[in-house]
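Below are the chains, spelled out letter by letter.
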Amino acid sequence: MRSPLIRSLAWRLCALPVWVAAALSAHAVPQTSSPAVAPAATPKSHVRPNDAAEPVPTRAAMLRGAYGPFRANNDLLYYHLDIRVDPDKQFISGKNTIRFRMLKDGTRIQLDLFETMNIDKILLGTTPLKYERDAGAVFINFPQTLHAGQVYSIDFYYSGHTVETGRFGGVTFKKDPSGHVWINTACEGIGASMWWPNKDQWRDEVQEMDLSVAIPNDLVDVSNGKFVGKTDLKDGYTRWDWKVHYPINNYDVSLNIGNYVHFSDRLADLPLDFYVLPEDLDKAKRQFAQAKVMLEAYQHYFGEYPFAKDGYKLIEAPYSGMEHQSAVTYGNLFENGYLGRDWTGVGISPRFDFIIIHESGHEWFGNSITAADPSDEWIHEGWTTYLESLYVEYRWGTDDAIKYLNGYKPKVHNLRPIIAERGVNAEATEDQYFKGALMINTLRSVVNDDTKWWALLHGFYQHFKYQNIMTEDVVAYFNQHTGMNLTPIFDQYLRHAQIPRLELLFGEAPEMVMYKWRADEDDFAMPVRVGTPGHWQIIHPTTHWQSMQTPLTKDAFQVETDRYYVDVNKQ
Ligand SMILES: [Zn+2]
């Protein structure tokens, strides 16, 4: 929808930090506090405070972020979120049945629900359980010891008026342009426990989930997973049942309640289902045809769509978009580019619908492979931003993919590391997107063998699909399967603010150039192509000076910076 809100958030991606939304919607341009560390080669129009400094975590963030003993003592198996949504009262009530296996003997577990929501009761069978609330955490005490290896199930009853907060409001009760009820959720960052009780962290996921959503008879609910059926409750409400057959992040669990119409398609055996407002049906039928090509492209590089039993869905929503698992929400105006704009400014973005291509890429990276802590969210966003370039490469070839990626350079700030503090529910810097993708593109050049590179990407995804991993897992896989020590390269790009700078010193002797990397990692070593276009040669700089013969003058001597994201300093 062309709401002023969406227009004001025009350059915002799907998963930017909470405060960015507020800053942008107020058209604020925060000032940097440390311009001295910015590399001269990176022009900046916006530098936001959280890119310059990591915020001090609050108690609530620490309780949310830490994988403490009362989380670590159990392993999630299953949720059944069974709720009623009252649009008039803007009120949610119901229960989440939570099944888990104890990993250690214990009498206490931690779940999460925002303090703004009421806990009505928590039952083990018919036994009410005692609990203590601390910020957003809910510590539940059991009257008897729960034993390691045993499976338990509790019913967590709750209710309340959700409070709009976070980037897309978390839960919004809106009206569509025709005046019908339109209720949507999008809660990554702020957390799913803002609207339903769960173990609100990234490390542990249920293996499967049922969703039952009761809403007034004239409305449609589209949630995650496979549509099971709907039941008239004979009280003016109808319950919509959805079944998720795969592990799922809490923040991916989504409600989309509105006056939706449905159309469908197939890609081989995979059902494709589309839900839009009636007035947008014709536009959607044209624009959503891109979903098929997108799926073909990503399946080409990584293998089968991860959630085949649940199908693939695109659902119109009143914000730009979000990667809700098997139920991607879409608000990109049924136009190519990103909210009507050329996203990377190099003429390629207008060829495709950014939201379909980006948010759906998260089905592979974010939803199937998931970071175990938000600190390492580049595993979602850096990879998915790189996937955009793979889509470009699949459709239009390598040169356009490289051009597209290089369009990201002006968006990088290099003011703090991509990996944020672990265990405090930290929001990673925006650099996780663009710098993350540019780093992966650099690794392709380091591998320097596209046949190997495609096999590496495919193998990497297949190895870690449906798992929750950290950066160390990514690095170990790439080291093992390339036979190279890529650790200093990953570390330089992910754990330091600055990118490596190639120092070139001419004129010490005739037809000679000296070279070395300037980097924070002492053992940083990365091959790089130098020379002139069409006549590149690979050199192997370290952090110590080496020299080479060259007939090129200082002005003529180039570094292939389109394929290596590095700074160059010629003297
Ligand atoms: Zn994203």
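Parameters at a glance
- Residues numbered from 1 in each chain as written.
- Predicted model: local features only at pLDDT ≥ 70, side-chain atom pairs only at ≥ 80, totals over all residues.
- Heavy atoms only, no water.
- Helix = DSSP H or I, 4+ residues; strand = E, 2+ residues; numbered from the N terminus.
- Buried < 20%, exposed > 50% of the residue type's maximum accessible area, 1.4 Å probe, protein only.
- Phe/Tyr/Trp six-rings, centres within 6.5 Å; stacked < 30°, edge-to-face > 60°.
- Pairing = 2+ DSSP bridges.
- Contact = heavy atoms within 4.5 Å.
- pLDDT = per-residue confidence, 0-100.
- Polar contact = N/O pair within 3.5 Å; in protein donor to acceptor, adjacent residues only side chain to side chain.
- Salt bridge = Lys/Arg side-chain N within 4 Å of Asp/Glu carboxyl O.

## Overview of unusual backbone geometry
Here comes step 1: Even without a glycine there, the phi angle at Ala135 is positive, about 50°.
Here comes step 2: Mapped onto the elements of the fold, Ala135 is located in the loop between β6 (130–134) and β7 (137–146).
Here comes step 3: With phi around 65°, Lys234 is a residue other than glycine that occupies positive phi space.
Here comes step 4: Its place among the elements puts Lys234 in the loop between β13 (226–232) and β14 (237–244).
Here comes step 5: Exposure remark for Lys234: the relative accessible area of 72% places this residue in the exposed category.

## Focus: the packing of aromatic side chains
Here comes step 1: With the rule as written, the count across this model stands at 56 aromatic pairs.
Here comes step 2: Each ring, one from Phe352 and one from Tyr404, has its centre 5.8 Å from the other, and the planes form 55°; the classification is tilted. Here the residue Phe352 occupies a position in the loop between β20 (328–330) and α8 (354–361), and Tyr404 occupies one in helix α10 (residues 398–406), the gap between them amounting to 52 residues. For the pair Phe352 and Tyr404, a shared accessibility class is recorded, and that class is buried.

## With respect to the sheet that holds β13
Here comes step 1: Taken in spatial order, the eight strands of this open sheet run β5-β4-β8-β2-β1-β11-β14-β13, and their pairing is mixed. What marks the edges here is a single partner per strand, and that holds for β5 (127–128) and β13.
Here comes step 2: Relative to β14, β13 runs antiparallel, the two being bridged by six bridges. What sits directly across from Lys230, in β14, is Trp240.

## Some thoughts on the environment of Val228
Here comes step 1: When you line up the elements, Val228 lands in strand β13.
Here comes step 2: On the accessibility criterion, Val228 (55% relative accessible area) is exposed.
Here comes step 3: Residues Val228 and Ser212, 16 residues apart in the sequence, show an inter-C-alpha distance of 9.7 Å.
Here comes step 4: For Val228, the residues in contact, after removing those within four places along its chain, are Asp241, Trp242 and Lys243.

## Remarks on the confidence of the model for the chain
Here comes step 1: Per-residue confidence for the chain gives a mean pLDDT of 91; residues scoring 70 or more make up 91%.
Here comes step 2: The low-confidence segment residues 1–45, where pLDDT is below 50, has 106 contacts with residues more than four positions distant or belonging to other chains.

## What about the environment of Trp536?
Here comes step 1: Position of Trp536 among the secondary structure elements: in strand β26 (residues 535–539).
Here comes step 2: With relative accessibility at 26%, the residue Trp536 sits in the partly exposed group.
Here comes step 3: Separated by 23 residues in the primary sequence, Trp536 and Val559 place their C-alpha atoms 8.4 Å from one another.
Here comes step 4: Apart from residues lying up to four places away in sequence, Trp536 is in contact with Arg529, Val530, Gly531, Gln558, Val559 and Glu560.
Here comes step 5: Here Glu560 takes part through its side chain, which lies 3.3 Å from a polar atom of the side chain of Trp536.

## Some words on the pairing of strand β4 (residues 118–124)
Here comes step 1: As judged from the six bridges shared by β4 and strand β8 (residues 151–160), these two strands associate in the antiparallel manner. Within β8, the position partnered with Ile122 by the bridge is Phe156.
Here comes step 2: The sheet contact formed by β4 and β5 spans two bridges and is antiparallel. Bridge assignment links Leu123 to a residue of β5, and that residue is Pro128.

## Observations concerning the pattern of salt bridges
Here comes step 1: What the rule picks out here adds up to 21 salt bridges.
Here comes step 2: Of the charged contacts, one joins Arg563 and Glu560 as a salt bridge, the two residues approaching to 3.4 Å between their closest N and O atoms.
Here comes step 3: A cluster of three or more residues bridged by salt bridges with shared partners is formed by Asp376, Arg422, Glu472, Asp491 and Arg495.

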